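Here are the chains, one letter per residue:
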Amino acid sequence: MDYSRIPTELKNLKQWVCAWDSSKVPMKAFERKAASSTAPDTWGTFEQAQAAVEDGTYNHLGFVFADNGLVGIDIDAGFEDGLMTPLCADIMKACHSYTEKSRSGRGVHILLRGDLPFTGRNNLNGVEIYKARRFFIMTGKVVIFPEIIENQEAIDYVVQKYFPEGERTGGGKSPLVQKIYAPTFRKPEGGKVFIRPDYPEIVSGGRNLSLTSLAGAMHNTGYSKQEIYKELCYVNQQACKPPLPDRELQTICDSVTRYRR
């Protein structure tokens, strides 16, 4: 890791968490408790996160996206056999913004200034893009571009090319609209934090896509295949009208978890 190369504008934001080697679940930088990518009061400063890594409390530090003008792109297969993949080269060339290798050394993170017409999306084919509700484990292992720049044109290009399931509205003048399932996360009340979100009803015709979207988000966050399957079973019974067959849930889990995080 080379945290000295992480851009100063990120270090100045109180949007930092930590993580262990064995997990991508966010942890509070200032105490050994779980954090949440949707709860700002669980985030710390860069200095707190770095100190927690240096003293051995955690193995990694992570930056949380909070819908404040920063967009992150995660490419699973950025390098294969030591060579940059065509997909990675295409997106990097378009963005020209801060790019680092992931902790595995195979993936790539790109951060740039701009906006998305949705919170985030995983195309289940090796590319993810977010502006909120997710965090990246940062390494500082810079690849070519060391600074974050504003590049809305690049963001639009990536969304249109790599997330074609979106559609245009308003005569084609508005941005792409996200077509993924979005559970509702309740805010803490009276010191109580709600771990499980509320799941809106899913009617026939959207069940497979919705559960696939949920499984992809959980996989990206660090949940195991068994944990994902358990949650899908819960959502299937609570929200799907009517529920899907169990074998279809297993197929969704197998499909989503075969991709590297």
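Residues numbered from 1 in each chain as written. Predicted model: local features only at pLDDT ≥ 70, side-chain atom pairs only at ≥ 80, totals over all residues. Heavy atoms only, no water.

Trainee: Before we go on, may I ask you to explain the packing of aromatic side chains in this structure?
Mentor: Two measures describe an aromatic ring pair: the distance that separates the ring centres and the angle between the ring planes. According to the stated counting rule, one finds six aromatic pairs in the structure shown. Judged by centre distance (5.1 Å) and plane angle (75 degrees), the ring pair of Trp-16 and Phe-46 falls under edge-to-face. Pair noted here: Trp-16 is in strand β1 (residues 16–19) and Phe-46 is in helix α2 (residues 46–54), with a separation of 30 residues, a long-range link. Classification of Trp-16 by relative accessible area gives buried; the value is 0%. On the accessibility criterion, Phe-46 (3% relative accessible area) is buried. Seen from their ring centres, Phe-65 and Phe-136 are 4.9 Å apart, and the 75 degrees between their planes marks the pair as edge-to-face. Note that Phe-65 is positioned in strand β2 (residues 60–66) and Phe-136 in strand β10 (residues 132–138), a separation of 71 residues in sequence. Take Phe-65: its relative accessible area is 1%, and that puts it in the buried class. (Phe/Tyr/Trp six-rings, centres within 6.5 Å; stacked < 30°, edge-to-face > 60°. Helix = DSSP H or I, 4+ residues; strand = E, 2+ residues; numbered from the N terminus. Buried < 20%, exposed > 50% of the residue type's maximum accessible area, 1.4 Å probe, protein only.)

Trainee: Can you walk me through helix α5 (residues 207–221) in this structure?
Mentor: Residue pairs spaced three or four apart in an α-helix point in one direction, given the helix's 3.6 residues per turn. A rise of 1.5 Å per residue sets the reference length of α5, with its 15 residues, at 21 Å; its end C-alpha atoms lie 21 Å apart and thus fit the reference within 8%. The element α5 is extensively covered by neighbouring structure, given that 12 of its 15 residues are classed as buried. The complete set of buried residues in α5 reads Arg-207, Ser-210, Leu-211, Thr-212, Ser-213, Leu-214, Ala-215, Gly-216, Ala-217, Met-218, His-219 and Asn-220. Following α5 by one or two positions, Gly-222 has its phi on the positive side, about 120 degrees. (Expected span 1.5 Å × (residues − 1).)

Trainee: Explanation requested: unusual backbone geometry in the structure shown.
Mentor: Peptide bonds are trans in most cases, and residues, glycine excluded, mostly fall at negative phi. The residue after Lys-241, namely Pro-242, is reached through a cis peptide bond having omega -5 degrees. As for its position among the elements, Pro-242 is in the loop between β12 (240–241) and α7 (246–257). Within the chain, Asp-67 stands out as a residue other than glycine whose phi angle is a positive 55 degrees. Here Ile-144, not a glycine, exhibits a phi torsion of approximately 70 degrees, which is positive. Tracing the backbone through its elements, the reader meets Ile-144 in the loop between β10 and α4 (152–162).

Trainee: When you look at the pattern of salt bridges in this model, what are you seeing that I'm missing?
Mentor: Where charged atoms from two side chains of opposite charge come close, those side chains can pair. Summed over all chains, the structure comprises seven salt bridges. Of the charged contacts in the structure, one is a salt bridge between Lys-28 and Glu-31, with a shortest N-O distance of 3.3 Å. For Glu-31, a relative accessible area of 29% corresponds to the partly exposed category. Note that Asp-254 and Lys-225 form a salt bridge whose closest N and O atoms lie 2.4 Å from each other. Highlighted residues: Asp-254 in helix α7 and Lys-225 in helix α6 (residues 225–239), separated in sequence by 29 residues. Classification of Asp-254 by relative accessible area gives partly exposed; the value is 40%. (Salt bridge = Lys/Arg side-chain N within 4 Å of Asp/Glu carboxyl O.)

These results come straight from atomic positions and should not be treated as a statement about function.
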